[in-house]
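# A look at the structure
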Amino acid sequence: MTDTPRACVIGNPISHSLSPKLHGYWLDRYDIKGSYTALQVADQDLEKTLRELPAQGFVGMNVTLPHKMAVLEFADQITDRATLIGAANTLTFKEDGRILADNTDGYGFIANLRQGAPDWDPKAGPAMIFGAGGAARAIIVALADAGVPEIIISNRTRAKAEALRADFGARIRVVDWVQAGTALADANLLVNTTSLGMKGAADFKVSLDALRPETVVTDIVYNPLRTPFLDAAEAVGCTAVDGLGMLLHQGVPGFERWFGQRPEVDEATRRAVLA
Ligand code: ATR
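These numbers come from a predicted model, not from an experiment.

Rules and cut-offs
Per chain, residues are indexed from 1 in the order of the written sequence. Local features in this predicted model are restricted to residues whose pLDDT is 70 or higher, and side-chain atom pairs enter the listing and the counts only when it is 80 or higher, whereas totals over whole chains, interfaces and linings include all residues. Side-chain measures here rest on the full set of heavy atoms in the structure, leaving out hydrogens and waters. UniProt positions are given in the numbering used here, feature names are shortened, and annotations may be inferred rather than shown by experiment. By definition, any uninterrupted DSSP run of H or I lasting at least four residues is a helix, any uninterrupted run of E lasting at least two residues is a strand, and each is numbered from the N terminus. Paired strands, in this sense, are two strands between which DSSP finds at least two bridges. Place the viewer so that the strands point away; then a crossover is right-handed whenever the path from the first strand over the helix to the second strand goes clockwise. Residue burial is assigned from relative accessible area. The probe radius is 1.4 Å, only protein chains are included, and a residue is buried under 20% of its type maximum, exposed over 50%, and partly exposed in between. One heavy atom within 4 Å of a molecule or strand is enough for the residue carrying it to be called near that molecule or strand. Two N or O atoms count as a polar contact when they lie within 3.5 Å, although within protein this holds only if one can serve as hydrogen donor and the other as acceptor, and sequence-adjacent residues are included solely when both atoms are side-chain atoms. Accessible surface is estimated by sampling points in the Shrake-Rupley manner with a 1.4 Å probe; for residues, cover comes only from the protein chains shown. Here a residue-residue contact requires only that any non-hydrogen atoms of the pair lie within 4.5 Å.

What follows is about the UniProt feature "domain: Quinate/shikimate 5-dehydrogenase/glutamyl-tRNA reductase" (unreviewed entry) in the chain. UniProt feature "domain: Quinate/shikimate 5-dehydrogenase/glutamyl-tRNA reductase" (unreviewed entry): in the numbering of this structure it lies at residues 127-195. Summarising residues 127-195: 39% helix, 22% strand, and an end-to-end C-alpha distance of 19 Å.

The subject of this paragraph is the pairing of strand β2 (residues 35-40). Successive residues of a regular strand alternate their side chains across the two faces of the sheet. Pairing between strand β1 (residues 6-11) and β2: six bridges, direction parallel. Residue Ala 7 lies in a different strand from β2, and its bridge partner there is Tyr 36. What joins β1 to β2 is helix α1 (residues 19-29), and the crossover it makes is right-handed.

This part is about the pairing of strand β6 (residues 99-102). Side chains Ile 99 and Ala 101 project from β6 onto one buried face, and the interleaved Leu 100 and Asp 102 project onto a second face that is buried too. In terms of strand pairing, strand β4 (residues 77-78) meets β6 through two bridges, oriented parallel. Directly across from Ile 78, in β6, lies its bridge partner Ala 101. The pairing of strand β5 (residues 90-93) with β6 spans four bridges and is classified as antiparallel. Opposite Leu 91, over in β6, you have Ala 101 as the bridge partner. Hairpin connection of β5 to β6: five residues between the antiparallel strands, including Gly 97 at a positive phi of 95°.

Let's shift gears to the site of the ligand. Near the ligand lie 14 residues; those nearest to it are Ala 132, Asn 155, Arg 156, Thr 157 and Lys 160. Contacts to the ligand include Ala 132, whose backbone N or O atom sits 3.0 Å from an oxygen atom. Lys 160 is positioned with one of its side-chain polar atoms (N or O) 2.7 Å from an oxygen atom of the ligand. Alone, the ligand offers 650 Å² of accessible surface; in the complex the protein occludes 69% of this.

The subject of this paragraph is the UniProt feature "active site" (unreviewed entry) in the chain. UniProt feature "active site" (unreviewed entry): in the numbering of this structure it lies at Lys 68. With sequence-adjacent residues up to four places away left out, Lys 68 is seen in contact with Val 63, Ala 87, Ala 88, Asn 89 and Asp 105.

Listed below in structure tokens is the structure:
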């Protein structure tokens with residue numbers, strides 16, 4: 001490792017990313033001589049960027065939209081979970097010049113739930129997911145790995161949910177978006193992976209009245225922190241876990257690999273990122 005290891009997040013656009021704040025906070029907190037920056041990278045510059053950064057002292061990077069799938073093409077080693085998800089969010093530049101690609105989104109999702117809802121037992125019943133995009137894919141892989149017996153997917157465009165069932169098999173049940181409410185009572189965990197409720201996006205309007213209060217509910221939207229979806233779940237009496245923790249926890253494996261320190265995700269970390 002170089003004396004002052006460097007890491008970054010790449011994406012396009014990238015200015016909205018909270019990762020520089022998160023990793024910058026951890027570098028300060030653990031008094032590590034290193035840096036973490038944001039780099040806007042256009043599609044046509046992706047390969048060149050990946051080839052050039054290691055020589056400049058970079059030991060790894062986080063990857064966000066639109067490059068999460070494309071980076072796999074340039075990786076020399078891909079973890080099983082990144083292969084299953086079909087996308088990577090964490091790259092490590094090894095000393096022998098090889099690029100290791102991992103996907104820690106699902107890890108971050110589960111770690112956030114375990115912290116926010118410690119009594120949640122993945123094996124105790126089905127998980128229901130709203131949405132069928134890239135985030136849903138990572139979460140399905142993580143839930144299946146955690147031993148969830150059945151995953152119910154409801155998405156506005158049913159064909160995308162069917163495609164996930166084709167990829168991930170029998171453990172998945174697809175429910176029509178307009179009938180999503182009918183499956184809510186079966187759920188031991190309910191997850192929103194759609195952009196509904198996000199600042200600037202459409203409101204979340206599916207009624208959650210059929211939920212049981214024992215169901216744990218989580219949103220991957222974290223802007224705003226308290227989404228209408230989580231408010232509706234709390235109105236039923238459910239434990240509601242916000243999505244910021246998923247972002248924070250997904251950063252842990254990369255930081256540990258690059259800077260040699262496993263960082264904490266706690267109230268101080270949340271405050272630092274929200275400041
Ligand atoms: P990500 O990779 O973060 O999951 P995405 O692939 O753009 O993002 O997926 C966004 C999800 O939000 C999709 O499931 C999308 O539904 P469609 O597959 O039908 O597009 C869902 N979504 C976005 N806007 C929506 C809306 N107004 N009503 C219902 N679902 C919506």
